[in-house]
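Spelled out, the chains give:
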Amino acid sequence: MAIAFWAAGSAVTGTATTLALVAPTLNVNDIIIAQISSEDNDAHLAPDSTWTAINALNNGTALRSSLWWKRAVTGSSGATFTFTSFAGTSGNIGILTAFRGCKVDNSPIGSVTSSANVSADAVTYATLTPTANTSAIIAAGFYADDATTAGTITSTAPSSFTNIVDVESAAADNLSLFQYWGINNVGGATGALSHATTSTADAVNNGILFELLSDTPANGGAGGVTYPRRDRLGTRE
């Protein structure tokens, strides 16, 4: 089964010590991605041990980014997942996205790269070499300003990216999140990628690329249905 973007929840912002993110409607085995940013460099903590960190990155003292994944189970659909350890005195923002058709056992995460970028309009992503040619490549951007609009990622591997998250905090909190996805239908390294933010002010930013593995036999998945062989008389062996 090919990977597909399924849905995104609503962004949550605030200055509290917790961030309660609500999942969209899900099926069991969907992969949930939590994308979180804050205006400090305090570590974010997941709700429980069913969440696994993909990447966590500081950029100076005023931008912290983290990405987490969880495999949906019965009860995950529409559930609230509360991330903690925020300072409570600076802005936070987070959102959940979900993907279908990913690897259904062990980790669905392949290669990961990260880039803590200097103040600029564009968000830059370090090149990533996928481990499989059926993967999805996810670009997660974190920007330390609120007045932004996501630009286009021009790419040849994948051949295209689709923007699925473009959200901002309140003006005083100076945070924006971006997320894009594309199928690795070409193979080989992505090369360095970037997109504009058309922001009113340049700001430091983080760019994370990661690979989602598909539920194919090559990745340990079921792939298609396999039927018993038959002999020449039509009897199942």
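So, here's what we can say about the structure. This is a predicted model, so every value here is computed, not measured.

Right, let's get into the sheet that holds strand E13 (residues 176-183). Pairing is antiparallel in the open sheet, where five strands are placed in the order E9-E15-E11-E13-E12. Two strands bound the open sheet, and with one partner strand each, they are strand E9 (109-120) and strand E12 (162-168). In this sheet, adjacent strand axes meet at a mean angle of 10° when their direction is disregarded. Where strand E11 (residues 136-143) meets E13, eight bridges bridge the pair, whose relative direction is antiparallel. In the sheet register, Ile138 faces E13, and the bridge partner there is Trp181.

Turning our eyes to something else, we now look at the nonpolar core. In terms of nonpolar packing, the biggest core is built from 41 residues, with Ile33, Leu67, Phe99, Tyr125, Tyr180, Phe210 and Leu212 touching the most fellow members. In contact with Leu212, other than residues within four places in its own chain, are Ile3, Ile31, Phe99, Cys102, Pro108, Ile109, Ser135, Ala136 and Ile138. Grouped together as the second largest cluster of nonpolar side chains are 17 residues, Leu19, Trp51, Phe81 and Phe83 included.

Let us now look at the pattern of salt bridges. On inspection of all chains with the given rule, the structure shows one salt bridge. Taking the shortest distance from any N to any O, the salt bridge between Asp30 and Arg100 comes out at 2.6 Å. Pair noted here: Asp30 is in the loop between strand E3 (18-22) and strand E4 (31-38) and Arg100 is in strand E8 (residues 92-100), with a separation of 70 residues, a long-range link. By the burial criterion, Asp30 is buried, and Arg100 matches it.

Only one face of strand E7 (residues 80-84) is covered, namely the face carrying Phe81 and Phe83; the face carrying Thr80, Thr82 and Thr84 is uncovered. Of the pairings in the sheet, the one linking E3 to E7 comprises five bridges and is antiparallel in character. Across the sheet, the residue bridging to Ala20 is Thr82, located in E7.

For the coordinates displayed, the defined rule picks out six aromatic pairs. Members of the aromatic cluster, connected to one another through ring pairs, are Trp51, Trp68, Phe81 and Phe83. Across from the ring centre of Trp6, 3.6 Å away, lies the NZ or CZ of Arg100, which sits over that ring.

Cut-off values and rules
Residues numbered from 1 in each chain as written. Predicted model: local features only at pLDDT ≥ 70, side-chain atom pairs only at ≥ 80, totals over all residues. Heavy atoms only, no water. Pairing = 2+ DSSP bridges. Helix = DSSP H or I, 4+ residues; strand = E, 2+ residues; numbered from the N terminus. Axes fitted to C-alpha atoms, helices over the stretch in contact; angles between N-to-C directions. Core = buried A, V, L, I, M, F, W, Y, C linked by side-chain atoms within 4.5 Å. Buried < 20%, exposed > 50% of the residue type's maximum accessible area, 1.4 Å probe, protein only. Contact = heavy atoms within 4.5 Å. Salt bridge = Lys/Arg side-chain N within 4 Å of Asp/Glu carboxyl O. Phe/Tyr/Trp six-rings, centres within 6.5 Å; stacked < 30°, edge-to-face > 60°. Lys NZ or Arg CZ within 6 Å of the ring centre and 35° of its normal.

Coordinates in, geometry out; function isn't part of it.
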